[in-house]
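# Reading the structure
So you can see what is in the structure, the chains are spelled out below.
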Amino acid sequence: MQKFITLAQIDEIVNAIKKKISIQPMIGMILGSGLNGLADSVQNPVFISYSDLPNFPTSTVHGHVGRFVIGELEGKPVIVMQGRIHYYEGYTMGEVTLPVRVMHRLGVHSMFVTNAAGGVNADFVPGDVMLITDQLNLMGMSGLNPLMGPNLDEIGPRFPDMSQPYDRDYCNLARSVARQAGLTLREGVYAGLSGPSFESPADLRFLRLAGADAVGMSTVPEVIIARHGGMRVLGLSGVSNKANLDGSTITTHEEVIEAGKVITPKVEAIVRGVLRGM
Ligand code: HPA
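First things first, this report covers the structure right here in the doc.

Reading guide: rules and limits
All chains use their own residue numbering, which begins from 1 and follows the written sequence. Where totals are concerned, whole chains, interfaces and linings use all residues; where local detail is concerned, this predicted model gives features only for residues with pLDDT of at least 70, and gives and counts side-chain atom pairs only at 80 or more. To obtain the side-chain values, all non-hydrogen atoms of the structure were used and water was disregarded. Only DSSP runs of H or I with at least four residues qualify as helices, and only runs of E with at least two residues qualify as strands; both kinds are numbered from the N terminus onward. Working definition: with a 1.4 Å probe on protein chains only, accessible area under 20% of the residue-type maximum means buried, over 50% means exposed, and in between means partly exposed. Every residue pair with non-hydrogen atoms within 4.5 Å of one another is taken to be in contact. We get accessible surface area from the Shrake-Rupley algorithm with a probe of 1.4 Å; when it comes to residues, only the shown protein chains can shield them. The cutoff for a nearby residue is simple: one of its non-hydrogen atoms must lie within 4 Å of the molecule or strand. Whenever two N or O atoms come within 3.5 Å, that pair is a polar contact, provided that in protein one can donate a hydrogen and the other can accept it, and provided that, for residues adjacent in sequence, both atoms are side-chain atoms. When residues are grouped by polarity, Ala, Val, Leu, Ile, Met, Phe, Trp, Tyr, Cys and Pro land in nonpolar, Asp, Glu, Lys and Arg in charged, and all others, Gly among them, in polar. Here, a salt bridge means any Lys or Arg side-chain nitrogen found within 4 Å of an Asp or Glu carboxyl oxygen. We define the nonpolar core as a collection of buried residues of types Ala, Val, Leu, Ile, Met, Phe, Trp, Tyr and Cys that are connected through side-chain atoms lying within 4.5 Å of one another. Any pair of Phe, Tyr and Trp rings, taking the six-membered ring for Trp, is counted once the centres come within 6.5 Å. Such a pair is stacked with planes under 30 degrees apart, edge-to-face with planes over 60 apart, and tilted for the rest. Two limits define a charge over a ring: the Lys NZ or Arg CZ must be within 6 Å of the ring centre, and within 35 degrees of the ring normal. To estimate the expected span of a helix, subtract one from its residue number and multiply by 1.5 Å. Bending is quantified residue by residue as the angle between axes fitted to the seven-residue window ending at that residue and the seven-residue window starting at it.

Helix and strand counts for the chain come out as seven helices and nine strands. Projected onto its principal axes, the C-alpha coordinates of the chain cover approximately 50 × 40 × 35 Å. The 278 residues of the chain split such that 56% are buried. Taking the contacts inside the chain whose residues are at least 6 apart along the sequence as the reference set, 83% of them involve residues at least 24 apart. A total accessible area of about 11,500 Å² is found for the chain, and carbon and sulfur atoms account for 52% of it.

Right, dumping it as structure tokens:
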């Protein structure tokens, strides 16, 4: 594969998907670790494995299935990524965000991103859901911005604005859906790190000082690519563990997957409510 993703590569994948589907998906969804269950609710689903698409990265992480599910949710045409691609798997930033490019070129105008995250905010407890209101692009700040390389002018500008990564109307909709459903919805800033090691206590103290409420290993590059293409974004983090600022507990992937079972129904309720209200 070339160093940077080209429009021709994106469109080759788009055409392969179009041959297999009869609907026009409008809303894209990326499901995080342990949150794959939401894809099972998609109606009239068409499944397309990442491995059946040309030059498409495959998801290697336990808890990530590795396919698109295309169909309807709450009557809206959706394309769901059941399993995402992470930078720590060894892919380039272009490959990590290729699925977002593909969804955009398929005609998707809104992207719902979900993830499992560590709770940095002292008030957060495992099982909480956090509405992402802003993000800390720590990967990008250290040189890993997914927009590096030749700009795809057909999609968006060289220097895209990032003043509103998460759509304010969608945030308001999510708040009112949660209120009506009697769900506690936390809010805050998601900090994206590359992983795969979890954070040290000093990392976490730094993140808290920097204004992070949750920390994870995804989402931020996808949101940058989505915004580059002008897509509107809704972001939800499932808090799977409390950040361990004093080094007294350990964090494991198993606990992340386990917490997903409590978080999935809450995320699903909010996603469904937002879809109905769109
Ligand atoms: N840190 C980073 N990523 C995560 C965490 C965490 O504590 N929990 C789930 N994903």
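Next, the rest of the story.
This part is about the site of the ligand. For the ligand, the full set of nearby residues is Ala116, Ala117, Gly118, Phe198, Glu199, Val215, Gly216, Met217, Ser240, Asn241 and Val256. In the environment of the ligand, a nitrogen atom lies 3.4 Å from a nitrogen or oxygen atom belonging to the side chain of Ser240. Protein contact buries 95% of the 260 Å² of open area that the ligand shows by itself. When contributions to the shell around the ligand are tallied by element, the ones reaching two or more residues are β5 (110-119), β8 (214-216) and β9 (232-242). Per-element accounting of the shell around the ligand gives the leading share, three residues, to β5. Grouping the amino acids of the shell around the ligand by side-chain chemistry returns six nonpolar, four polar and one charged.

Moving on to the environment of Asn44. Tracing the sequence through the fold places Asn44 in strand β2 (residues 43-49). In sequence terms Asn44 and Val69 are 25 residues apart; their C-alpha atoms lie 9.5 Å from each other. Apart from residues lying up to four places away in sequence, Asn44 is in contact with Ile70, Gly71 and Glu72. Of note is the side chain of Asn44, whose polar atom sits 3.1 Å from the side chain of Glu72.

Attention shifts here to the pattern of salt bridges. Per the counting criterion, the structure on display carries nine salt bridges. Where Asp167 meets Arg232, a salt bridge forms, and the shortest distance between an N and an O atom there is 2.8 Å. In this pair, Asp167 is assigned in the loop between α3 (138-141) and α4 (168-181) and Arg232 in strand β9, connecting sequence segments 65 residues apart. Overall, the relative accessible area of 30% leaves Arg232 in the partly exposed class. Here Arg272 and Glu268 are joined by a salt bridge, their closest N and O atoms 2.9 Å apart.

Right, let's talk about the nonpolar core for a bit. Membership of the largest hydrophobic core comes to 76 residues, with the highest contact counts inside it found for Ile17, Met29, Phe68 and Met111. No other element matches the seven residues that helix α7 (residues 253-277) contributes to this core. Once residues within four sequence positions are removed from consideration, Met29 is found in contact with Leu38, Leu73, Val78, Ile79, Val80, Met81, Met103, Met111, Phe112, Val271 and Leu275. Leu138, Leu207, Ala212 and Leu245 belong to the second-largest nonpolar core, a separate cluster that totals 12 residues.

Looking now at the side chain of Ser110. Looking at where Ser110 falls in the secondary structure, it is placed in strand β5. Polar contacts involving the side chain of Ser110 include one to the side chain of His109, which spans 2.7 Å.

What follows deals with the packing of aromatic side chains. Here the distance between the centres and the angle between the planes together describe a pair of aromatic rings. Enumeration over the complete set of coordinates arrives at four aromatic pairs. Their ring planes at 80° and their centres at 6.1 Å tell us that Phe112 and Tyr170 sit as a pair that is edge-to-face. On the criterion of sequence distance, the pair formed by Phe112 in strand β5 and Tyr170 in helix α4 is long-range, its members being 58 residues apart. For the cation-ring pair, Arg232 lies above Tyr170, with the distance from its terminal atom to the ring centre recorded as 4.3 Å.

So, on to the environment of Val271. Positionally, Val271 belongs in helix α7. Sequence separation between Val271 and Phe112 is 159 residues, and the spatial gap between their C-alpha atoms is 8.0 Å. Those residues in contact with Val271, other than ones at most four positions away along the chain, are Met29, Leu38, Phe112 and Leu236.

Time to look at helix α2 (residues 93-105). In this model α2 runs 18 Å from its N-terminal to its C-terminal C-alpha over 13 residues, within 8% of the 18 Å that 1.5 Å per residue would give. Along α2, the largest kink reaches about 35° and is centred on Pro99. Summarising burial for α2: 11 of the 13 residues are buried, a large majority. The complete set of buried residues in α2 reads Met93, Gly94, Glu95, Val96, Thr97, Leu98, Pro99, Val100, Arg101, Val102 and Met103. Positive backbone phi, approximately 110°, marks Gly107, located one or two places after α2.

Along the polypeptide, Glu95 turns up in helix α2. Among the polar contacts made by the side chain of Glu95, one reaches the main-chain amide nitrogen of Thr92 at a distance of 2.8 Å.

None of the figures reported here should be taken as evidence of function without further support.
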